[in-house]
Amino acid sequence: MKTKIVYVVTSLDSDIYMDQAIVSAWSAHHHNPGCCIEMVCDQDTYATLNSGVRAQYKYLFDAIYVYEFKPEQGMMERSRWLKTTLREIIEGDFLYLDTDTVVCADLSYVDDFDFDLGMVQDCNCDFNQCLIYDWVVPVMKKMYGIDVSKETVQFNGGVAFVRDCEMTHEFYRRWNELWVHSMREFKRMKDQQPLMKANIDMGYVVKEMSGNLNCQVAESIQYLHTAHVMHFFNNLLGKTDDMSPLFNELYVKVKAQGLTDELKETILNCKSSFMSPSMPVPREGAMLWRKHLSESGKHEEMIQASNTYHALLFMWLRLPRFTRFIDKILGKFIRKSHKKE
């Protein structure tokens, strides 16, 4: 694989972001022996690599670029600044990966891509079906004064193929300008919406890549069986391990123990790491999730994270007779409602 793999990491001893990067980089090396992997980080993140368990994994990175930030600049701000200026930092073509990814295959085929800038659809679906569509449309109108309701694609910035050419340099400069605007004027740290606006401004220069390169399993399992890069979105789902240890638990163990043989086995078999019993959320349920997101505007207030959801789980487990009684009443109400429609 001639194309570099690049990570942006801002991490303290108290979090697991560097441990995520270590897992992802290790998996990339396993499936792509001899590949070049580089990291871009801030001064505080680099300090965590010089002691403890993390220090033994510096070898995974062929080059580490360290940038100085002011103490008052938070880790998220640093992360988004580095991510949106990455093209100015790295020389040559690169494949950018978010830290919460796991590489599952040989990626050398990206060397032969016939485009300069490629990403995967957000949520692995068309924009109008995206879980955050109803939230993104008004946000884009507020921040940039444009109507994106008819747009067909919003790209996910978690995986990006980027050639070293003038167009990509210009794209990243525009992306950074738009992100700085959203941060300073609207206190929004997210880079997805500035990315969408940059693509529109530059005439839709981002080419769509296969979902195999960014299987966003928390939002779609369409590419689960064929994925070359798994994207776990552990921060989106919170501190829960009842789906897969790669949503949190595995990284906590890596942080404490390092990459043990047992943990390596889990990483290499990440596609089958999901707990049983567990079921996909049907489309109707996903749309309810989307509605709740649009109303709250906060990922941490999704239905699965709500007190109502956990109260229902509690009742099903601890008060089965009462729950069945309530369920029958609700069933009658729902059937009457459907008949009226």
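Check the entry above for the structure.
Residues numbered from 1 in each chain as written. Predicted model: local features only at pLDDT ≥ 70, side-chain atom pairs only at ≥ 80, totals over all residues. Heavy atoms only, no water.

**Quick word on the sheet that holds strand E1 (residues 4-9)**
Strand pairing in a sheet is mediated by backbone hydrogen bonds. Such pairs are either parallel or antiparallel.
So, point 1. Across the sheet, which stays open at both edges, the 7 strands sit in the order E3-E2-E1-E4-E7-E6-E8 with mixed pairing between neighbours. The strands lining the two open edges of the sheet, one partner per strand, are strand E3 (63-67) and strand E8 (207-208).
So, point 2. Summarising the sheet, strand E2 (residues 37-42) and E3 pair through 5 bridges and their orientation is parallel. Bridging across to E3, Asp 42 finds its partner in Tyr 67.
So, point 3. Packed on one face of the sheet, helix H1 (residues 17-31) meets E1, E2 and strand E4 (94-97) and runs near 170° to E1.
So, point 4. Along the sheet, helix H3 (residues 75-84) contacts E1, E2, E3, E4 and strand E7 (155-162); its crossing angle with E2, the most-contacted strand, is approximately 135°. (Pairing = 2+ DSSP bridges. Helix = DSSP H or I, 4+ residues; strand = E, 2+ residues; numbered from the N terminus. Contact = heavy atoms within 4.5 Å. Axes fitted to C-alpha atoms, helices over the stretch in contact; angles between N-to-C directions.)

**Some words on the nonpolar core**
So, point 1. Tyr 7 and Val 102 are the most contacted members of the largest nonpolar core, which totals 50 residues.
So, point 2. Counting residues per element, this core draws most heavily on H1, which supplies 7 residues.
So, point 3. Formed by 40 residues, the second largest nonpolar core is a distinct cluster that contains Val 6, Cys 130, Ile 132 and Tyr 133. (Core = buried A, V, L, I, M, F, W, Y, C linked by side-chain atoms within 4.5 Å. Buried < 20%, exposed > 50% of the residue type's maximum accessible area, 1.4 Å probe, protein only.)

**Notes on unusual backbone geometry**
So, point 1. You will see that Lys 187, though not glycine, has its phi angle at about 60°, which is positive.
So, point 2. With respect to the element layout, Lys 187 can be found in the loop between helix H6 (166-186) and helix H7 (192-201).
So, point 3. Backbone geometry at Tyr 204 places phi at a positive 60°, although glycine is not the residue there.
So, point 4. You can see Tyr 204 is positioned in the loop between H7 and E8.
So, point 5. Overall, the relative accessible area of 42% leaves Tyr 204 in the partly exposed class.

**What to know about a nonpolar patch on the surface**
So, point 1. On the surface, a cluster of nonpolar side chains totalling about 490 Å² of accessible area is made up of Phe 314, Leu 319, Phe 322, Phe 325 and Ile 329.
So, point 2. Within the fold, Phe 314 resides in helix H12 (residues 307-318).
So, point 3. Classification of Phe 314 by relative accessible area gives partly exposed; the value is 44%. (Patch = residues over 30% accessible without salt bridge, like charges linked within 9 Å, V, L, I, M, F, W, Y side chains within 5 Å. Areas by Shrake-Rupley, 256 points an atom, 1.4 Å probe, with all protein chains shown as cover. Salt bridge = Lys/Arg side-chain N within 4 Å of Asp/Glu carboxyl O.)

**A short note on H6**
So, point 1. Between the first and last C-alpha of H6 there are 30 Å, a value that for 21 residues agrees with the 30 Å anticipated at 1.5 Å per step.
So, point 2. The set of residues buried in H6 consists of Thr 168, His 169, Phe 171, Tyr 172, Trp 175, Asn 176, Leu 178, Trp 179, Val 180, Ser 182 and Met 183.
So, point 3. Looking one or two residues past H6, Lys 187 carries a phi angle of roughly 60°, positive in sign. (Expected span 1.5 Å × (residues − 1).)

**Describing the packing of aromatic side chains**
So, point 1. As enumerated under the stated definition, the model contains 13 aromatic pairs in all.
So, point 2. Between Phe 232 and Phe 274 the ring centres are 6.4 Å apart and the planes differ by 25°, which places this aromatic pair in the stacked class. Here Phe 274 lies in the loop between helix H10 (261-268) and helix H11 (283-296) and Phe 232 lies in the loop between strand E10 (229-231) and helix H8 (234-237), a separation of 42 residues in the sequence.
So, point 3. Of the residues examined, Phe 274 reaches a relative accessible area of 23% and is grouped as partly exposed.
So, point 4. A connected cluster of aromatic rings, assembled from ring pairs, spans Tyr 109, Phe 113, Phe 115 and Phe 161. (Phe/Tyr/Trp six-rings, centres within 6.5 Å; stacked < 30°, edge-to-face > 60°.)

**As for the sheet that holds strand E5 (residues 101-103)**
So, point 1. One open sheet holds the 3 strands; their spatial order is E5-E10-E9, and the pairing between them is mixed. Strand pairing shows two members of the sheet lacking a second neighbour, E5 and strand E9 (215-216), which therefore form its edges.
So, point 2. Of the pairings in the sheet, the one linking E9 to E10 comprises 2 bridges and is parallel in character. By the bridge assignment, Gln 216 is partnered in E10 with His 231.

**Some details on a positive patch on the surface**
So, point 1. A cluster of basic residues, Arg 321, Arg 324, Lys 328, Lys 332, Arg 335 and Lys 336, forms a positive patch on the protein surface.
So, point 2. By the secondary structure assignment, Arg 324 is in helix H13 (residues 320-340). (Lys, Arg positive; Asp, Glu negative; His and termini not counted. Charge placed at Lys NZ, Arg CZ, Asp CG, Glu CD.)

**Points about the packing of helix H5 (residues 133-144) against H7**
So, point 1. At a minimum axis separation of 11 Å, H5 and H7 run at an interaxial angle of 70°. By the criterion of interaxial angle, the relationship of H5 to H7 is roughly perpendicular. With respect to the hand of their crossing, H5 and H7 are arranged in right-handed fashion. On H7, the residues that touch Trp 135, Val 136, Val 139, Met 140, Met 143 and Tyr 144 of H5 are Gln 193, Pro 194, Met 196 and Lys 197.
So, point 2. Class assignment for the residues of the contact of H5 with H7 results in 8 nonpolar, 1 polar and 1 charged. (Parallel < 35°, antiparallel > 145°, perpendicular 65-115°, else oblique. Left-handed = near helix turned anticlockwise from the far one by under 90°. Nonpolar A, V, L, I, M, F, W, Y, C, P; charged D, E, K, R; others polar.)

**As for the side chain of Asp 19**
So, point 1. Relative to the elements of secondary structure, Asp 19 occurs in helix H1.
So, point 2. For Asp 19, a relative accessible area of 1% corresponds to the buried category.
So, point 3. Setting aside residues no more than four positions away along its own chain, Asp 19 makes contact with Arg 54, Tyr 251, Val 254 and Lys 255.

**Considering the packing of H1 against helix H9 (residues 249-257)**
So, point 1. Two elements in contact, H1 and H9, have axes separated by 9 Å at closest approach and are oriented at 95°. Accordingly, the angle class assigned to the pair H1 and H9 is roughly perpendicular. Residues Asp 19, Gln 20 and Val 23 of H1 form the contact with H9, whose participating residues are Leu 250, Tyr 251, Val 254 and Lys 255.
So, point 2. Taken together, the residues of the contact of H1 with H9 break down into 4 nonpolar, 1 polar and 2 charged.

**Side note on the pairing of E7**
So, point 1. The buried count for E7 comes to 8 of 8 residues, which makes it a mostly enclosed element.
So, point 2. Inspection of the sheet shows E4 paired to E7 by 4 bridges, in the antiparallel sense. Bridging across to E7, Leu 97 finds its partner in Val 159.

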